[in-house]
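Summary of the model geometry
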Amino acid sequence: TIVILLSPLFLHERLTRRRLLCAAAAVAGMILVSGITDEAATGARDLTGVLFGLGAAALYAAVVILNKKITLDDAYRRTTIQLISAAVTLLPYLLLTEDFSAIRLDARSIAMVLFVGAVHTGLAYALYFGGMKRLKAQSIAVLGYIDPVFALLLSAAGLQEPLSLIALLGAALIIGSALGSELAPEKKAA
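In this report, we go over the structure that sits alongside the text. Numbering of residues starts from 1 in every chain and runs along the sequence as written. Whole-chain, interface and lining totals are the exception, using all residues; otherwise, since this is a predicted model, local features are given only for residues with pLDDT of at least 70 and side-chain atom pairs are given and counted only at 80 or more. Where side-chain values are given, they derive from all heavy atoms of the structure, hydrogens and water being excluded.

Our focus in this paragraph is the nonpolar core. In these notes, a set of buried Ala, Val, Leu, Ile, Met, Phe, Trp, Tyr and Cys residues joined through side-chain atoms within 4.5 Å is what counts as a nonpolar core. The classification of residues rests on relative accessible area computed with a 1.4 Å probe and restricted to protein chains. Under 20% of the type maximum is buried, over 50% is exposed, and intermediate values are partly exposed. Counting eight residues, the largest nonpolar core is built from Ala 26, Val 33, Tyr 145, Val 149, Leu 152, Ala 167, Ala 171 and Ile 174. Strands here mean DSSP runs of E at least two residues long; helices mean DSSP runs of H or I at least four residues long; both are numbered from the N terminus. When contributions to this core are tallied by element, the ones reaching two or more residues are α2 (17–34), α7 (146–159) and α8 (165–183). A contact between two residues is defined here by any heavy atoms of the two lying within 4.5 Å. If near-sequence neighbours (up to four positions away) are discounted, Ala 26 is found in contact with Tyr 145, Ile 174 and Ser 177. Judged by nonpolar contacts, the second largest core, of six residues, contains Ala 23, Ala 141, Val 142 and Ile 146.

If you want to describe how two helices pack, look at the angle between their axes and the distance between the axes. Contact geometry for α2 and α8: axes closest at 7 Å, N-to-C directions at 160 degrees. By the criterion of interaxial angle, the relationship of α2 to α8 is roughly antiparallel. The two elements α2 and α8 meet at a crossing, and its hand is left-handed. Between α2 and α8, the contacting residues are Arg 18, Arg 19, Cys 22, Ala 25, Ala 26, Ala 28, Gly 29, Met 30, Leu 32 and Val 33 on the first element and Ile 166, Ala 167, Leu 169, Gly 170, Ala 171, Leu 173, Ile 174, Ser 177, Gly 180, Ser 181 and Glu 182 on the second. Class assignment for the residues of the contact of α2 with α8 results in 13 nonpolar, five polar and three charged. Fitted lines through C-alpha atoms give the axes, limited to the stretch in contact for helices. The angle between two N-to-C directions lies from 0 to 180 degrees. Should an angle fall under 35 degrees it is taken as roughly parallel, and over 145 as roughly antiparallel, whereas 65 to 115 is taken as roughly perpendicular and any remaining angle as oblique. For a crossing to be left-handed, the near helix must be turned anticlockwise from the far one by less than a right angle; the clockwise case is right-handed. Residue type decides the class: Asp, Glu, Lys and Arg count as charged, Ala, Val, Leu, Ile, Met, Phe, Trp, Tyr, Cys and Pro as nonpolar, and the leftover types, Gly among them, as polar.

Multiplying 1.5 Å by the residue count of a helix minus one yields the expected span of that helix. Along its 14 residues, α7 runs 19 Å from first to last C-alpha, staying within 8% of the 20 Å computed at 1.5 Å per residue. Residues of α7 that are buried include every one of Ile 146, Pro 148, Val 149, Leu 152, Ser 155 and Ala 156, and no others. Just beyond α7, the residue with positive phi is Gln 160, at close to 55 degrees.

Here a patch means residues that are over 30% exposed by relative accessible area and free of salt bridges, tied together within 9 Å if like-charged and within 5 Å if nonpolar (Val, Leu, Ile, Met, Phe, Trp, Tyr). The accessible surface values rely on the Shrake-Rupley method and a 1.4 Å probe; as for residues, cover is taken only from the protein chains in view. For this document, the term salt bridge refers to a Lys or Arg side-chain nitrogen within 4 Å of an Asp or Glu carboxyl oxygen. Nonpolar side chains collect at one region of the surface, where Leu 90, Leu 91, Tyr 93, Leu 94, Leu 95, Phe 100, Ile 103, Leu 105, Ile 110 and Leu 114 lie side by side and expose about 990 Å² of accessible area between them. Counting residues per element, the ones that place at least two in the nonpolar patch are α4 (75–97) and α5 (107–132). By residue number, the principal contributor to the nonpolar patch is α4, which donates five residues. Here Leu 91 shows up in helix α4. Note on Leu 91: relative accessible area 45%, which makes it partly exposed.

Across residues other than glycine, the phi torsion is negative in most instances, and most of the peptide bonds are trans. With a phi close to 55 degrees, Gln 160 is a non-glycine residue in the positive phi region. Along the chain, the position of Gln 160 falls in the loop between α7 and α8.

Dropping the structure here:
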C-alpha cells in the first residue's frame, strides 16, 4: 500500500480510484489472513510484530521504488546491486547481535549455502527484479499481496494448520483485489 501511495510522487504513475480501492481491499484481506483479528492475538508481542511488519513494508516500498529508478536493463546486475546492498545493510546488525564463534562450517554446509544463495536467492531475485522493470510499481505492490495467500494455503496443506473462515475471506479479498487491479482495463486520459 505504501508503494501504491508513493508511486505517483516518486515514479509519476497515475493513481486511479480503482487501484486505491483494490489496495484497501488487499490490506483488509491481509489483516484477516494475518490472524491479528483473532481473540488470542492481543498484547505487546503482537504490537511489536505489527510494528516490525510496518517497518518491513516501508523497506519493501523503498526496494520497489529504488529498483524502478535503477537504469540497468540486465536483471542479474540489478539483482547483484540489490543483494550487495542488503548484505551491507545487514552486516553491522549481524556483527552486533550474533555469536559467529558458534558456527561450524564443513564442505557440505558451504556447498548448501552456496546453492541456496545462487538458486533460491540469486535466480529467484533475478526473475523478480527482471519482471519488476516491466510492471508498474502499483502492480508489483498488489501482486505482492499474493504471497501470504500461498503461505496460508501451503501451511494448511503441508502443516495441517486449520483454515478459518476469516482467513479464507481474507485470501479471497486479496486475490480479488489483485485481479480487479490488474485485469480491469485502464481508462485513457481524454
